[in-house]
Amino acid sequence: MPVKVTLDAALARRGMTGKQLAEKMGLSETQLSLFRSGKVRGIRFATLAKMCAVLECKPAELLDYDADPSDLALKD
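All of the points below concern the structure found in this document.

**A word on helix α2 (residues 18–25)**
Buried within α2 are the following residues: Gly18, Leu21, Ala22 and Met25. The buried residues of α2 occupy an angular sector of 100° when projected down its axis, which confines them to one face. What points out from α2, more than 90 degrees from its buried face, is the exposed set Glu23 and Lys24. Just beyond α2, the residue with positive phi is glycine 26, at close to 75°.

**Structural notes on the pattern of salt bridges**
A full pass over the atoms with the stated rule returns 3 salt bridges. Between aspartate 8 and arginine 36 there is a salt bridge, and its shortest N-O distance comes to 2.6 Å. Linking aspartate 8 in helix α1 (residues 7–14) with arginine 36 in helix α3 (residues 29–36), this pair joins segments that are 28 residues apart in sequence. On the accessibility criterion, arginine 36 (32% relative accessible area) is partly exposed. Note that arginine 13 is salt-bridged to glutamate 61, the shortest N-O span being 3.0 Å. On the criterion of sequence distance, the pair formed by arginine 13 in helix α1 and glutamate 61 in the loop between α4 (45–55) and β2 (63–65) is long-range, its members being 48 residues apart. Residue arginine 13 is classed as exposed on the basis of its relative accessible area of 52%. Given the relative accessible area of 23%, glutamate 61 is considered partly exposed.

About the thresholds
Residue numbering note: each chain is counted from 1, following its sequence as written. Restriction of local features to residues with pLDDT of at least 70 applies here, the model being predicted, together with a cutoff of 80 or more for giving and counting side-chain atom pairs; totals for whole chains, interfaces and linings are based on all residues. Side-chain measures here rest on the full set of heavy atoms in the structure, leaving out hydrogens and waters. Partly exposed describes any residue whose relative accessible area lies between the buried limit of under 20% and the exposed limit of over 50%, with all areas from a 1.4 Å probe on protein chains only and scaled to the type maximum. Numbered from the N terminus, helices here are DSSP runs of H or I no shorter than four residues, and strands are runs of E no shorter than two. In this description, the arc belongs to the directions extending from the helix axis to the C-beta atoms. We define a salt bridge as a side-chain nitrogen of Lys or Arg found within 4 Å of a carboxyl oxygen belonging to Asp or Glu.

As structure tokens, then:
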């Protein structure tokens with residue numbers, strides 16, 4: 001999938017661990033780990049907003065996209 005989770009880089013820039021982020025968000029480390037590894041198929045906007053609020057960033061700092069022409073053929 002061309003959408004990549006770049007949360008680890010955002011955490012590193014802030015000197016924060018995943019455990020610290022999970023605690024501040026009220027999220028389990030397991031849930032955060034699944035997102036970090038890209039093993040989830042989606043994320044609620046409310047969860048993304050909370051993550052951005054804690055990290056003081058925009059969603060673009062947590063996700064990246066590598067264009068792939070085959071994405072146009074994907075069905076929702």
